[in-house]
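# Understanding the architecture of this molecule
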Amino acid sequence: AGLRGTLFLYQGEELGLPQSDIPFDRIQDPYGRAHWPLNKGRDGCRTPMPWLADAPGAGFTRAGREPWLPIDPAHRPLAVDRQRVDPGSPLS
């Protein structure tokens, strides 16, 4: 049971991904660029979904293309392929 309302689940929450610290030169969010460093904007929660821990681009992109935001190294161990086989993972 729960309270009535709308459930919001943001990409990465199902994996337990922490927010990323994006270097200023890689920030895409205009709000983050304008208010740096007091507010780094929304890009830290918009990084690519890590599907495959050991793949280039974490399985988010192929052919060696660089994603629009960097892959956070802290997200690789939490990738979908690793969590699928772990019954104690957030994804499970």
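The model shown is predicted, which means the values in this text are computed figures rather than measured ones.

Another point: the overall build of the protein. Scanning the protein from N- to C-terminus turns up 2 helices and 0 strands. Across its three principal axes, the protein shows a C-alpha extent of roughly 40 × 40 × 20 Å. The burial tally for the protein puts 32% of its 92 residues in the buried class. For the protein, contacts bridging at least 24 residues in sequence account for 49% of all contacts bridging at least 6.

What the rule picks out here adds up to 4 salt bridges. The salt bridge partner of Lys 40 is Asp 21, with a shortest N-O separation of 3.1 Å. Of this pair, Lys 40 sits in the loop between α1 (30-35) and α2 (80-84) while Asp 21 sits in the segment before α1; the two residues are 19 residues apart in sequence, bridging distant segments of the chain. Lys 40 sits in the partly exposed class, given a relative accessible area of 34%.

Within the element layout of this structure, Asp 29 appears in the segment before α1. Take Asp 29: its relative accessible area is 2%, and that puts it in the buried class. Beyond its immediate stretch of four places on either side in the chain, Asp 29 contacts Gly 41, Arg 42, Asp 43 and Arg 46.

A surface patch of nonpolar side chains, about 400 Å² in accessible area, is lined by Trp 51, Leu 52, Phe 60 and Trp 68. Take Leu 52: it is sitting in the loop between α1 and α2. For Leu 52, a relative accessible area of 40% corresponds to the partly exposed category.

Attention now moves to the environment of Ala 74. Its location among the elements puts Ala 74 in the loop between α1 and α2. Classification of Ala 74 by relative accessible area gives partly exposed; the value is 42%. Between the C-alpha atoms of Ala 74 and Gln 19, which are 55 residues apart in sequence, the distance is 9.6 Å.

Moving on to the side chain of Thr 61. Relative to the elements of secondary structure, Thr 61 occurs in the loop between α1 and α2. Residues in contact with Thr 61, not counting those within four places in the same chain, are Pro 56 and Pro 67.

Another aspect to go through is the environment of Asp 21. Look at Asp 21 and you get exposed, because its relative accessible area is 56%. C-alpha separation for the pair Asp 21 and Leu 38, spaced 17 residues apart in sequence, amounts to 13 Å. Those residues within four positions of Asp 21 in sequence are excluded, and the remaining contacts are Lys 40 and Asp 72. Of the polar contacts made by the side chain of Asp 21, one reaches the side chain of Lys 40; its length is 3.1 Å.

Thresholds applied
Residues numbered from 1 in each chain as written. Predicted model: local features only at pLDDT ≥ 70, side-chain atom pairs only at ≥ 80, totals over all residues. Heavy atoms only, no water. Helix = DSSP H or I, 4+ residues; strand = E, 2+ residues; numbered from the N terminus. Buried < 20%, exposed > 50% of the residue type's maximum accessible area, 1.4 Å probe, protein only. Contact = heavy atoms within 4.5 Å. Salt bridge = Lys/Arg side-chain N within 4 Å of Asp/Glu carboxyl O. Patch = residues over 30% accessible without salt bridge, like charges linked within 9 Å, V, L, I, M, F, W, Y side chains within 5 Å. Areas by Shrake-Rupley, 256 points an atom, 1.4 Å probe, with all protein chains shown as cover. Polar contact = N/O pair within 3.5 Å; in protein donor to acceptor, adjacent residues only side chain to side chain.

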